[in-house]
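Below, each chain spelled out in residue letters.
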Amino acid sequence: MTHSATQTLSPDGAEAPLHALHEFLGERLLTSQATRAQHAENEAWYPAALPDAVARPLSTSEVSRILAICHASGTPVVAQGARSSLEGHHLAIRGGVALDLTGMDRVLSVHAEDLDAVVQPGVTREALNAHLRDTGLFFPVDPGANATLGGMAATRASGTTAVRYGTMREAVLALEVVQACGTVIRTGSRARKSATGYDLTHLFVGSEGTLGIITELTLRLFGQPDAQSAAICRFPSVAEAVATVVATIQMGLPVARIELVDGMMVRGFNLHAGAGLPEEPHLFVEFHGTESGVAETATLFGEIAAEHGGQAFRWSRQPEERRALWSMRHNAHHATRMLRPGARTVSTDVCVPISALAEAVAVAQEEGHARGLVQAIVGHVGDGNFHCGILVDPEDAAEMKRVKEFTDLLSDLALRLGGVVSGEHGIGMGKIGKMEAQHGAALGAMRAMKQALDPKGILNPGKLLP
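Residues numbered from 1 in each chain as written. Predicted model: local features only at pLDDT ≥ 70, side-chain atom pairs only at ≥ 80, totals over all residues. Heavy atoms only, no water.

**Student:** Could you give me a rundown of the side chain of His 90, with the residues and numbers involved?
**Tutor:** Tracing the backbone shows His 90 in the loop between strand 5 (77–80) and strand 6 (97–100). A relative accessible area of 4% places His 90 in the buried class. Excluding residues that lie within four positions of it along the chain, His 90 makes contacts with Glu 41, Asn 42, Val 78, Ala 79, Gln 80, Arg 83, Ser 85 and Lys 463. (Helix = DSSP H or I, 4+ residues; strand = E, 2+ residues; numbered from the N terminus. Buried < 20%, exposed > 50% of the residue type's maximum accessible area, 1.4 Å probe, protein only. Contact = heavy atoms within 4.5 Å.)

Right under this line is the structure:
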């Protein structure tokens, strides 16, 4: 099933901008059904949405020219990278041009002494870390998928390491952005402080391609820790696992990752990866630091976990064992599908103050069960962020109605507890209906920014703002 474009490429007809783009890009403007279909899919449950064409620029100047052409004709432009987002951000729901930035994939410079790197938006996080391997540095933001860094900035991604290293909000120092009309601007700098006007860098971080197209990023790097240690342990209940997390954070233990998975998620791991784990709630943890510091932190964490019923600890400092552990966790989206083969996944995402985490997770379990939903819970619980992966048949209207009721309930619960309707997946088109409840009158300021920077509304229309 596909969405058809709900607006034409231009008032004068679809052919004019496509012809101009083809004259400029040649064979790097693709209009075949197969290529358009490839760029119409998504990892979640949303119907495919065909763009009218796929453009593959190789430089900022080319992006600038493409946007100038599209701006003149009122043609929608939707930036795309690895297309791993879960709220339909990259879908061309109004047709137009899918701007495939994966060809802009160069690491432009690394300043080891300043702990930063300059990259094009198509560089993936794994590719950047491979490039940095011999420098003793690494880029820590890890959303699980091997996403492009431009997409990660546009969606303000985070992931398993955010509790220690922060999110893309903290990782981005400066940007090069092409505005809707084709003008190229630079925001921020490699300096770590600035008091020089509006913080445009962080206006574009998280804007989901609705305000401009990111064509270059300056990113903060970190030194590789001397020692790393990971562990997995199980708990009698989710409540006791969450209590362990809260106590760990409140004690100020410097955890690098602390992840919760419930019994259903463990069942998915067993089916997907042959993990052989008891189907009970587990915490996955990792510590970074000096040899002595990691050992001390691990001991303290073990004591806290034991006080809350934690048992069957499996510790490892071997790189291959740690990689296997986190590979299993990162594949949670695919492992969840094993719980109901053939189904699609609705992946929820809310974030609450850590003191409210136990209540939020308990309600999610109870309400999902009450609606007869097949779901697994995972969470970056060190910062109060968790997800329910719900297995659905999108063609079953009654089931989708129950899922919508459930996801709305979770969003409303998060707001009541002082949290947010999305901690890392973003809004896209999936949570657009919750923006007014989240932001109130501030939504007017966001609309004013959109109107000022994209007056024709060509940049990722139908996303983020209701």
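Next comes the rest of the account.
**Student:** Describe the packing of aromatic side chains, listing the residues and the values that go with them.
**Tutor:** Two aromatic rings are characterised by how far apart their centres lie and by the angle between their planes. Using the criterion set out here, one finds nine aromatic pairs in the structure. On the basis of an interplanar angle of 75 degrees and a centroid distance of 6.2 Å, the ring pair of Phe 284 and Trp 326 is categorised as edge-to-face. Here Phe 284, found in strand 16 (residues 282–289), pairs with Trp 326, found in helix 12 (residues 319–330); they are 42 residues apart in sequence, far enough to count as distant. Through a chain of ring-to-ring contacts, three or more aromatic side chains come together here, namely Phe 287, Phe 301, Phe 313 and Trp 315. Stacked on the ring of Trp 326, the Lys or Arg Arg 257 has its end atom at 4.6 Å from the ring centre. (Phe/Tyr/Trp six-rings, centres within 6.5 Å; stacked < 30°, edge-to-face > 60°. Lys NZ or Arg CZ within 6 Å of the ring centre and 35° of its normal.)

**Student:** Explain the sheet that holds strand 4 (residues 53–55) to me, using residue names and the numbers behind them.
**Tutor:** Within the open sheet, the four strands sit side by side as 2-4-6-5. Their pairing is mixed. Looking at strand neighbours, the two that pair on one side only are strand 2 (29–30) and strand 5, the edges of this open sheet. By the bridge criterion, two bridges tie strand 2 to strand 4 in an arrangement that is antiparallel. From the neighbouring strand, Leu 30 faces strand 4, where its bridge partner is Val 54. (Pairing = 2+ DSSP bridges.)

**Student:** Summarise the pattern of salt bridges; cite the residues concerned and give the values.
**Tutor:** The full count for this structure, using the stated rule, is 25 salt bridges. Two residues, Asp 142 and Arg 257, come together in a salt bridge whose shortest N-O distance is 3.0 Å. Residue Asp 142 is located in the loop between strand 9 (137–138) and helix 5 (149–154), and its partner Arg 257 is located in strand 15 (residues 255–261); the two are separated by 115 residues in the primary sequence. Note on accessibility: Asp 142 and Arg 257 belong to one class, buried. Linking Glu 405 and Lys 401 is a salt bridge whose minimum nitrogen-to-oxygen distance equals 2.9 Å. Taken as a pair, Glu 405 and Lys 401 lie in helix 15 (residues 397–416) at a separation of four residues, close to a single helical turn. Three or more residues joined by partner-sharing salt bridges are found here, namely Arg 125, Glu 126, Asp 142, Arg 257, Glu 286 and Arg 322. (Salt bridge = Lys/Arg side-chain N within 4 Å of Asp/Glu carboxyl O.)

**Student:** Kindly report on the pairing of strand 10 (residues 172–178), identifying the contributing residues and their values.
**Tutor:** Two faces belong to every sheet, and in a regular strand the side chains alternate between them. Among the seven residues in strand 10, seven count as buried, and that is most of the element. Where strand 10 and strand 11 (residues 184–188) come together, five bridges link them in antiparallel fashion. Across the sheet, the residue bridging to Glu 176 is Arg 186, located in strand 11. With antiparallel pairing between neighbouring strands as the criterion, strand 10 and strand 11 make up a hairpin whose turn holds five residues, including Gly 182 at a positive phi of roughly 105 degrees.

**Student:** Give a description of the sheet that holds strand 7 (residues 107–111) that names residues and reports values.
**Tutor:** One open sheet holds the five strands; their spatial order is 7-8-12-10-11, and the pairing between them is antiparallel. Each having just a single partner strand, strand 7 and strand 11 make up the two edges of the open sheet. Averaged over all neighbouring strand pairs, the angle between strand axes comes to 15 degrees, with direction disregarded. Two strands pair when backbone bridges link them, and strand 7 and strand 8 (residues 116–119) are joined in this way by four bridges, in the antiparallel orientation. Paired with Ser 109 across the strands is Val 118, a residue of strand 8. Packing against the sheet, helix 3 (residues 60–73) makes contact with strand 10, strand 11 and strand 12 (213–220), and its axis sits at approximately 50 degrees to strand 10. (Axes fitted to C-alpha atoms, helices over the stretch in contact; angles between N-to-C directions.)

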